[in-house]
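Observations on chain architecture
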Amino acid sequence: MEKDPRKELKVSAIENGTVIDHIPSRSLFQVVRILNLEKYESQILVGMNLDSRKYGRKGILKISNKFFRNDEINKIALAAPTATMIVIRDFQVVEKRAVEIPDEVIKIVKCFNPNCITNHEKITTRFNVINKEELRLQCHYCEKITAKDNMVFI
Ligand code: ZN
């Protein structure tokens, strides 16, 4: 089967860097925040509400000259579990993989417990992921469980 050259171009439009694809559109700006991209100075291409055969509407980020560590990329899984990371070097895809829920979550999410010290003092939140399928995070400080449904991103 021949590859559609236009499709190739879409993914390879940056020379070097990282493409994060299949982000649910509603989570796109959350992902921007999680990766701290507001402060990034190289070129970033943002696509939102693109058609995706698999997921309906999707978002995509193309970040030039940036290569993330796996743990940075995996944070995205909390907000965008369907996301895939594509590493581009010299216009070529050199790596492509799905994001994975990390073992530990630092910052990013607020503790669900209103009495938790992290909600009253300037302390960075920290959780152990005790269930990756249901996404249940146990607070390092108060030991309460923050679950997917009551997860608030910082
Ligand atoms: Zn807590």
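Residues numbered from 1 in each chain as written. Predicted model: local features only at pLDDT ≥ 70, side-chain atom pairs only at ≥ 80, totals over all residues. Heavy atoms only, no water.

1. Re the pattern of salt bridges
Taken as a whole and judged by the stated rule, the model has five salt bridges. Here aspartate 103 ties to lysine 132 by a salt bridge, and the two come within 2.7 Å at their closest N and O atoms. Here the residue aspartate 103 occupies a position in the loop between β5 (92-98) and β6 (104-106), and lysine 132 occupies one in the loop between β7 (126-131) and β8 (136-139), the gap between them amounting to 29 residues. Ionic pairing is found between glutamate 104 and arginine 126, a salt bridge with its closest N-O pair at 3.2 Å. In this pair, glutamate 104 sits in strand β6 while arginine 126 sits in strand β7, placing the two residues 22 residues apart along the sequence. (Salt bridge = Lys/Arg side-chain N within 4 Å of Asp/Glu carboxyl O. Helix = DSSP H or I, 4+ residues; strand = E, 2+ residues; numbered from the N terminus.)

2. A closer look at the packing of aromatic side chains
A complete count under the given rule lists zero aromatic pairs for this structure. Above the ring of phenylalanine 67, the side-chain terminus of arginine 89 is found at 4.0 Å from the ring centroid. (Phe/Tyr/Trp six-rings, centres within 6.5 Å; stacked < 30°, edge-to-face > 60°. Lys NZ or Arg CZ within 6 Å of the ring centre and 35° of its normal.)

3. Overview of unusual backbone geometry
Located in the positive-phi region is phenylalanine 91, a residue other than glycine, with phi close to 65 degrees. With respect to the helices, strands and loops of the structure, phenylalanine 91 is situated in the loop between β4 (84-89) and β5. Of the residues examined, phenylalanine 91 reaches a relative accessible area of 44% and is grouped as partly exposed. For leucine 135, which is not glycine, the phi torsion reads 55 degrees and is therefore positive. With respect to the helices, strands and loops of the structure, leucine 135 is situated in the loop between β7 and β8. (Buried < 20%, exposed > 50% of the residue type's maximum accessible area, 1.4 Å probe, protein only.)

4. Brief notes about the environment of histidine 120
Relative to the assigned elements, histidine 120 resides in the loop between β6 and β7. Note on histidine 120: relative accessible area 58%, which makes it exposed. A sequence separation of 24 residues divides histidine 120 from lysine 96, and the C-alpha atoms of the two residues are 40 Å apart. Setting aside chain neighbours within four positions, we find histidine 120 in contact with Pro114 and Asn115. (Contact = heavy atoms within 4.5 Å.)

5. Structural notes on the environment of glycine 47
Here glycine 47 lies in strand β2 (residues 44-52). On the accessibility criterion, glycine 47 (12% relative accessible area) is buried. Between the C-alpha atoms of glycine 47 and asparagine 128, which are 81 residues apart in sequence, the distance is 32 Å. Apart from the residues within four sequence positions on either side, glycine 47 is in contact with Leu28, Lys58, Gly59 and Ile60.

6. Description of the sheet that holds β2
Spatial ordering of the open sheet is given by β2-β3-β1-β4-β5, a layout of five strands whose pairing is antiparallel. With one partner strand each, in any of the chains shown, β2 and β5 form the two edges of the open sheet. Adjacent strand axes in the sheet meet at a mean angle of 20 degrees when their direction is disregarded. In this sheet, β4 lies alongside strand β1 (residues 17-24) in antiparallel orientation, the contact comprising five bridges. By the bridge assignment for β4, isoleucine 20 is matched with methionine 85. Sheet strands touched by helix α3 (residues 70-79): β1, β4 and β5. Its angle to β5, the strand with the most contacts, is close to 50 degrees. (Pairing = 2+ DSSP bridges. Axes fitted to C-alpha atoms, helices over the stretch in contact; angles between N-to-C directions.)

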